[in-house]
Amino acid sequence: MGAGPGGSVAAKKCAQNGFRTLLLEKRRLPREKVCTGMIMGVWAHNIVAQEFGDIPQDVLVDPHYLSGHMLHFPGVEPQAIEWQTPLAWRRDLDFWMNKRAEEEGAEIWDTTKVLGITQSEGQCRVAVKKGEEERELNARFVIGADGATSRVRKSLFPNLKVPYMAPRRECYEGSVHMERDYFHWFFPKSRPHPRFDIIHKGDFFLIEGSGIRDLREEINQTLMGRGFDPSARPVWQDGCLEPVLHKALILGAFYPALGNVLLIGDAASLILPITYEGIGPALQSGLLAAAAISEAAEGDRQAADIYLRQLKPMLDVLKGLYSWSKGLEQKAEKGPQILSRAMKEAYEEALKISSLQQVELYPLGV
Ligand SMILES: Cc1cc2nc3c(=O)[nH]c(=O)nc-3n(C[C@H](O)[C@H](O)[C@H](O)COP(=O)(O)OP(=O)(O)OC[C@H]3O[C@@H](n4cnc5c(N)ncnc54)[C@H](O)[C@@H]3O)c2cc1C
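My aim in this report is to walk through the structure given alongside it, one point at a time. Since the structure is predicted, the reported quantities are computational estimates derived from the model, not experimental observations. Residues take numbers from 1 onward in each chain, read along the sequence in its written order. In keeping with the model being predicted, local features are shown solely for residues with a pLDDT of at least 70 and side-chain atom pairs are shown and tallied solely at 80 or more, while totals for entire chains, interfaces and linings include all residues. Hydrogens and water are ignored here; the side-chain numbers use all heavy atoms of the structure.

### Regarding the packing of aromatic side chains
In plain terms, the rule: Only rings of Phe, Tyr and Trp enter the pairing, Trp through its six-membered ring, and a pair is recorded when the two centres are within 6.5 Å. The plane angle decides the type: under 30 degrees is stacked, over 60 is edge-to-face, the rest tilted. Strands here are runs of E lasting at least two residues and helices are runs of H or I lasting at least four, both read from the DSSP assignment and numbered beginning at the N terminus. The classification of residues rests on relative accessible area computed with a 1.4 Å probe and restricted to protein chains. Under 20% of the type maximum is buried, over 50% is exposed, and intermediate values are partly exposed. A ring is considered to have a charge above it if a Lys NZ or an Arg CZ atom is located within 6 Å of its centre and within 35 degrees of its normal.
Enumeration according to the criterion identifies 11 aromatic pairs in this entry. Here Phe52 and Trp96 contribute two aromatic rings whose centre-to-centre distance is 5.7 Å and whose plane-to-plane angle is 50 degrees, an arrangement assigned as tilted. Taken as a pair, Phe52 in helix α2 (residues 42-52) and Trp96 in helix α3 (residues 90-103) lie far apart in primary sequence, 44 residues in all. In this structure Trp96 comes out as buried when scored by relative accessible area, which is 12%. On the numbers, 4.4 Å between centres and 0 degrees between planes, the contact of Phe73 with Phe187 is stacked. One end of the pair, Phe73, is in the loop between β2 (60-72) and β3 (79-88); the other, Phe187, is in the loop between β11 (182-186) and β12 (196-201), with 114 residues separating them in the sequence. Like Phe187, Phe73 is buried. Through a chain of ring-to-ring contacts, three or more aromatic side chains come together here, namely Phe73, Phe183, Trp185 and Phe187. Note that Lys12 overlies the ring of Phe52, its terminal NZ or CZ placed 5.9 Å from the centroid.

Set out below in structure tokens:
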């Protein structure tokens, strides 16, 4: 359910593993998604290369590869992290992945919205609306890859209280005077939050972040010296919701699977604290879900038990980064110089996570 990176890789893998696989997407494909569109960490780089191959040049947007990420704190020299990062509009990146899943045998139905799921006796019943028609599908296994406001998650856990962030994007024509080949994070209050970012894409630049409406003055001040006209109107703007369920995941108040229904990516709130990378975790959890389904089918077992066991090291990584992010809030008390160095170190480590081993981090602060 859901044709983002998580759903695409999971569908591709299930089809390759011999399952009759249906990928459902509520919107018409290709579809855009509110996202910077960076393939960020080692996880994402490795899985994209291994499962999909080289990203075609026409899927990438100018500058095709960022040289790195730059962190800006008031009164502190910007901290550059050299890190080659492929950059795309999600419309193009995800559609490329959809096609690769299709080539491996997954059937794709777009404009098909999942309405709800019930399970009984090892079977899942999925109510969908395909165009104007409502119907029910039967499936042995379901992967909920339907993003931040997941209908699958709501069906599984109707009483779960989900706190959300509400990031926005404003897209402007032209450019501002800063390195086009870097992703720029700004921390205007010398704290880990609030923050906003600037990214150049083709003939445009975007201002993105959760609090950009409240940070208007800070954004104008930061960008005015860099050729930005505060009276300029964005060509377009959009926004979305992001679930903030890290604490519930870490404390075990929320397990992202039940019976034969498995949640992955944003639907499971698997977003890395500190960098807010989500494509890598969506891909990684998609692969784990597909593997768990294969194992469950062979042994005639429930997929959730296997998936949750396999997901544990990934949750440990999340736990470590969450704890580290809490440590950064304390570092803010020591001033922007110290925070900027600590943020750079944490950000670099998050990008470098390459396996599902427990990362050595601050003691748990949850
Ligand atoms: C402003 C912003 C910038 C970001 N930048 C980055 C970045 O540069 N790099 C990075 O790694 N991460 C980034 N992220 C996070 C990243 O966008 C997500 O974590 C990632 O898209 C999650 O992938 P997914 O496959 O789980 O879900 P999604 O990509 O959200 O895909 C879910 C799909 O499910 C479909 N769907 C939803 N409901 C239903 C339904 N009921 N029935 C059928 N289909 C449904 C949706 O239409 C969508 O196509 C950013 C997020 C934001 C908000």
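Right, picking up where we left off after that structure.
### Description of the pairing of β11
In plain terms, the rule: By the convention used here, strands pair only if DSSP detects at least 2 bridges between them.
Within β11, 5 of the 5 residues are buried, which leaves it mostly tucked inside the rest of the structure. Burial along β11 is two-sided: Tyr182, His184 and Phe186 facing one way and Phe183 and Trp185 facing the other are all buried. Note: β2 against β11, 5 bridges, orientation parallel. What sits directly across from Leu71, in β11, is Trp185. Pairing of β11 with β12, which is carried by 3 bridges, proceeds in the antiparallel orientation. Note that in β12 the partner of Phe186 across the bridge is Phe196.

### So, the packing of helix α1 (residues 5-16) against helix α7 (residues 279-299)
Defined as follows: Orientation is described by axes fitted as lines to C-alpha atoms, over the contacting stretch for helices, and by angles from 0 to 180 degrees between their N-to-C directions. Throughout, the term roughly parallel applies to angles under 35 degrees, roughly antiparallel to angles over 145, roughly perpendicular to angles from 65 to 115, and oblique to all others. Handedness of a crossing follows from how the near helix is turned relative to the far one, being left-handed for an anticlockwise turn of less than a right angle and right-handed for a clockwise one. In this description, contact between two residues means that some pair of their heavy atoms is separated by no more than 4.5 Å. Gly counts as polar in this scheme, as do all residues outside two lists: the nonpolar Ala, Val, Leu, Ile, Met, Phe, Trp, Tyr, Cys and Pro, and the charged Asp, Glu, Lys and Arg.
The contact between α1 and α7 brings their axes to 8 Å, and the two run at 25 degrees. When the axis of α1 is compared with that of α7, the two are roughly parallel. Helix-helix and strand crossings are classified by hand; for α1 and α7 the assignment is right-handed. Facing α1, whose interface residues are Pro5, Gly6, Val9, Ala10, Lys13 and Cys14, α7 presents Ile279, Ala282, Leu283, Gly286, Leu287 and Ala290. A breakdown of the residues in the contact of α1 with α7 according to their chemical character gives 9 nonpolar, 2 polar and 1 charged.

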